[in-house]
Amino acid sequence: MAQDLAHIAIVVRDYDEAIAFYVDQLGFSLIEDTYQPEQDKRWVIVKPQGDGATSLLLARASDAHQAQYVGDQAGGRVFLFLSTDDFWRDYEAYRAKGITFVREPKQAEYGTVAVFKDLYGNLWDLVEFAEAKSQ
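Owing to the predicted nature of the structure, the values given are computational and were not obtained by experimental measurement. Within any chain, residue numbers begin from 1 and follow the written order of that chain's sequence. Thresholds applied to this predicted model are a pLDDT of at least 70 for local features of residues and 80 or more for the giving and counting of side-chain atom pairs; totals over whole chains, interfaces and linings are not thresholded and use all residues. The side-chain numbers reported here are obtained from all heavy atoms of the structure, hydrogens and water having been left aside.

Here strand β3 (residues 41–47) lies mainly inside the structure; five of its seven residues are buried. DSSP bridges decide pairing: two strands pair if at least two such bridges lie between them. In this description a helix means any DSSP run of H or I spanning at least four residues, a strand means any run of E spanning at least two, and both kinds are numbered starting from the N terminus. Examined bridge by bridge, strand β2 (residues 29–36) and β3 share seven bridges and lie antiparallel to one another. Across the sheet, the residue bridging to Thr-34 is Trp-43, located in β3. Judged from the three bridges that link them, β3 and strand β4 (residues 55–60) form a sheet pairing that is antiparallel. Within β4, the residue paired with Val-46 across the bridge is Leu-56. Working definition: with a 1.4 Å probe on protein chains only, accessible area under 20% of the residue-type maximum means buried, over 50% means exposed, and in between means partly exposed.

Next up on the list: the pattern of salt bridges. The term salt bridge refers to a side-chain nitrogen of Lys or Arg lying within 4 Å of a carboxyl oxygen of Asp or Glu. The tally for this structure, following the rule as stated, stands at five salt bridges. Between Arg-42 and Asp-16 there is a salt bridge, with the nearest N and O atoms lying 2.9 Å from each other. In this pair, Arg-42 sits in strand β3 while Asp-16 sits in helix α1 (residues 15–25), placing the two residues 26 residues apart along the sequence. Overall, Asp-16 belongs to the partly exposed group, its relative accessible area being 47%. A salt bridge links Asp-90 to Arg-89; the shortest N-O distance between them is 2.8 Å. By relative accessible area, Asp-90 is classed as buried at 15%.

A few words on the UniProt feature "domain: VOC" (unreviewed entry) in the protein. According to UniProt, the feature "domain: VOC" (unreviewed entry) maps to residues 4–129 in the numbering used here. Taken end to end, residues 4–129 comprises 20% helix and 44% strand; its first and last C-alpha atoms sit 20 Å apart. UniProt positions are given in the numbering used here, feature names are shortened, and annotations may be inferred rather than shown by experiment.

With that settled, the discussion passes to the sheet that holds β3. The pairing of strands in a sheet comes from backbone hydrogen bonds and takes either a parallel or an antiparallel form. With mixed pairing, four strands are arranged side by side in an open sheet as β1-β4-β3-β2. What marks the edges here is a single partner per strand, and that holds for β1 (7–12) and β2. Neighbour-to-neighbour, the strand axes of the sheet open up by a mean angle of 25°, direction not taken into account. By the convention used here, residues are in contact when the closest approach between their heavy atoms is within 4.5 Å. Fitting a line to C-alpha atoms yields each axis, with helices limited to the stretch in contact; the angle taken between N-to-C directions then spans 0 to 180 degrees. Relative to the sheet, α1 contacts β1, β2, β3 and β4, its axis offset from that of β3 by approximately 5°.

Tyr-22, Leu-56 and Leu-58 are the most contacted members of the largest nonpolar core, which has 29 residues in total. Elements with a contribution of two residues or more to this core: β1, α1, β3, β4, β5 (78–83), α3 (87–96), β7 (111–117) and β8 (123–129). Of the residues forming this core, the biggest block, five residues, is contributed by α1. Those residues in contact with Leu-56 that sit more than four places away from it in its chain are Ile-8, Ile-10, Tyr-22, Phe-28, Val-44, Ile-45, Val-46, Leu-80 and Trp-124. Residues grouped as a nonpolar core are buried Ala, Val, Leu, Ile, Met, Phe, Trp, Tyr and Cys residues, joined through side-chain atoms within 4.5 Å.

Right, let's talk about the side chain of Asp-125 for a bit. With respect to the helices and strands, Asp-125 occurs in strand β8. One buried charge, Asp-125, has no salt-bridge partner; the nearest side chain with opposite charge is Arg-103, at 5.1 Å. In contact with Asp-125, not counting residues within four places along its chain, are Val-78, Leu-80, Phe-81, Leu-82, Val-113, Ala-114, Val-115 and Phe-116. This count recognises Lys and Arg as positive and Asp and Glu as negative, with His and chain-terminal groups excluded.

Right, dumping it as C-alpha cells:
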C-alpha cells in the first residue's frame, strides 16, 4: 500500500494576505486558487519549492469557532517543519523579508534548526536535517 500526505489545512483569516505571506515572504509556489461559488470559498494550495509532494491548503475560517484557531493550530507548539537543503541561505533570506524568528538557530544532533512565526503566529521549524548535508 502506498500512501502520502497530500495537503495540510491551515486556518487563515484572509486568503489574499495568507497567499502574500506564503508566496512573497516564504517563497512558496501558488499551485491553485479556485473560487467555489456553491460554498463561497476558495480552494487555495501553496507549496514550498522543491520536489516534496505535501502542500498547504489555505482554509479561510468560516465561523467564530474556526476563527479562534487562526494562529494557534497546534496549541502553541511548533506546528509545521520546513525542511531545507541550505539552512543559512533560507534563514538569512527570511530575516531579510521580515520573518520573525522566536528561537535562534541552534545545532542539534539531527541538524540545524530555528523557530519562526507565520503571519498569524503559528510556529514553524526551519530545519536542515543532518543527513541532508551528508548526501
